[in-house]
Amino acid sequence: MDRGAGRRAGEGRHERDPRGRRRGQGELEAQVLSVLRLSSGPATAAWVQERLDGDLAYTTVMTILSRLLAKGAVTRERLGRAFAWQAASDEAGLAALRMRRVLDGEADREAVLASFVTALSPDDERLLRGLLHEASDAPAGPRGTGAPEQTPED
């Protein structure tokens, strides 16, 4: 009997954790990113798959890497006929990318940000105020990084 019979697309055994529960896309992305951060340099999808203990199908790893590339969370470079992948951000960076995407998808940014800020705990509000103060004191740079802008003469 075909063990895969009757499964819907994306519901293969490879997308479930060892306890049999289905993992969310964010959880899979976090796992792949954490494996990539273990690498001393760019790594192939097969290398990533091996470090995930064969828990995910190669095609699933490739899909996750491609999604992370589209989000700017990883970079890739050609390595022969394959690609080598490298984490471009940590888990906090990935969460920040998700937050920016949600904000970019809303028509009334001011209302979304106001709602977000009013829902913060006092400690988180204090932290955010401190970070905003630091950012305003830093020299302007690309995408608010605080790094000075590079000119062609540099």
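Conventions we followed
Residues numbered from 1 in each chain as written. Predicted model: local features only at pLDDT ≥ 70, side-chain atom pairs only at ≥ 80, totals over all residues. Heavy atoms only, no water. Helix = DSSP H or I, 4+ residues; strand = E, 2+ residues; numbered from the N terminus. Buried < 20%, exposed > 50% of the residue type's maximum accessible area, 1.4 Å probe, protein only. Contact = heavy atoms within 4.5 Å. Areas by Shrake-Rupley, 256 points an atom, 1.4 Å probe, with all protein chains shown as cover. Pairing = 2+ DSSP bridges. Expected span 1.5 Å × (residues − 1). Arc of directions from axis to C-beta. Core = buried A, V, L, I, M, F, W, Y, C linked by side-chain atoms within 4.5 Å. Salt bridge = Lys/Arg side-chain N within 4 Å of Asp/Glu carboxyl O. Phe/Tyr/Trp six-rings, centres within 6.5 Å; stacked < 30°, edge-to-face > 60°. Lys NZ or Arg CZ within 6 Å of the ring centre and 35° of its normal.

Trainee: Looking at this model, I keep getting lost on the overall build of the chain. Mind explaining?
Mentor: Counting its secondary structure elements, the chain contains six helices and three strands. Listing the helices and strands of the chain from first to last along the sequence gives α-β-α-α-β-β-α-α-α. For the chain, buried positions account for 23% of its 154 residues. In the chain, 41% of the contacts between residues at least 6 apart in sequence involve partners at least 24 apart. Approximately 10900 Å² of the chain is accessible, and the part contributed by carbon and sulfur atoms is 53%.

Trainee: Help me understand the sheet that holds strand 2 (residues 74-79), please; the structure alone is not making it clear to me.
Mentor: Backbone-to-backbone hydrogen bonds join strands into a sheet, with any given pair of strands oriented parallel or antiparallel. Spatial strand order, 1-3-2: three strands in an open sheet with antiparallel pairing. Because the sheet does not close on itself, it has two edges, and the strands there are strand 1 (43-44) and strand 2. Inspection of the sheet shows strand 2 paired to strand 3 (residues 82-87) by six bridges, in the antiparallel sense. Bridge pairing in strand 3 places threonine 75 opposite glutamine 86.

Trainee: Would you mind showing me how to read helix 3 (residues 58-71) here?
Mentor: Think of an α-helix as 3.6 residues a turn; residues three or four steps apart then line up on the same face. Relative to the 20 Å expected for 14 residues at 1.5 Å per residue, helix 3 spans 20 Å between its end C-alpha atoms, a close match to the ideal helical length. Every buried residue of helix 3 is accounted for by Thr60, Val61, Ile64, Leu65, Leu68 and Lys71. In an axial view of helix 3, the angular spread of the buried residues amounts to 135°, which keeps them on one side of the axis. Every exposed residue of helix 3 that faces more than 90 degrees away from the buried side is listed here: Thr59 and Ala70. The first or second residue beyond helix 3 is glycine 72, which carries a positive phi of 80°.

Trainee: I keep staring at the nonpolar core and nothing clicks. Help me out?
Mentor: Nonpolar side chains in soluble globular proteins tend to end up buried together. Counting 19 residues, the largest nonpolar core has Val32, Leu36, Val48, Leu52, Val61, Leu65 and Leu68 as its most contacted members. Counting residues per element, the ones that place at least two in this core are helix 1 (25-38), helix 2 (45-51), helix 3 and helix 4 (91-104). What leucine 68 contacts, discounting residues up to four positions off in sequence, is Glu29, Val32, Leu33, Ala73, Val74 and Leu94.

Trainee: What exactly am I supposed to notice about the pattern of salt bridges here?
Mentor: Opposite charge on two side chains permits them to pair, given that their charged atoms come into close proximity. Going through the model one piece at a time under the given rule, you end up with five salt bridges. With a shortest N-O distance of 2.8 Å, arginine 109 and aspartate 104 are connected by a salt bridge. On the basis of relative accessible area, arginine 109 is assigned to the partly exposed category, the value being 37%. For aspartate 104, a relative accessible area of 54% translates into the label exposed.

Trainee: I would appreciate a short explanation of the packing of aromatic side chains in the present structure.
Mentor: Geometrically, a pair of aromatic rings is defined through the distance of the ring centres and the angle of the planes. For the coordinates displayed, the defined rule picks out one aromatic pair. When the ring centre of phenylalanine 83 is taken as origin, the NZ or CZ atom of arginine 76, which lies over that ring, is 3.9 Å away. The ring of phenylalanine 83 is capped by arginine 78, whose NZ or CZ atom sits 4.3 Å from the centre of that ring.

Trainee: Teacher, can you tell me more about the pairing of strand 3 here?
Mentor: Where a strand is regular, its side chains alternate between the two sheet faces. Relative to strand 3, strand 1 runs antiparallel, the two being bridged by two bridges. Looking across to strand 3, one finds that threonine 44 is bridged to alanine 84. Between the end of strand 2 and the start of strand 3, which pair antiparallel, lie two residues, with glycine 80 showing a positive phi angle near 65°.

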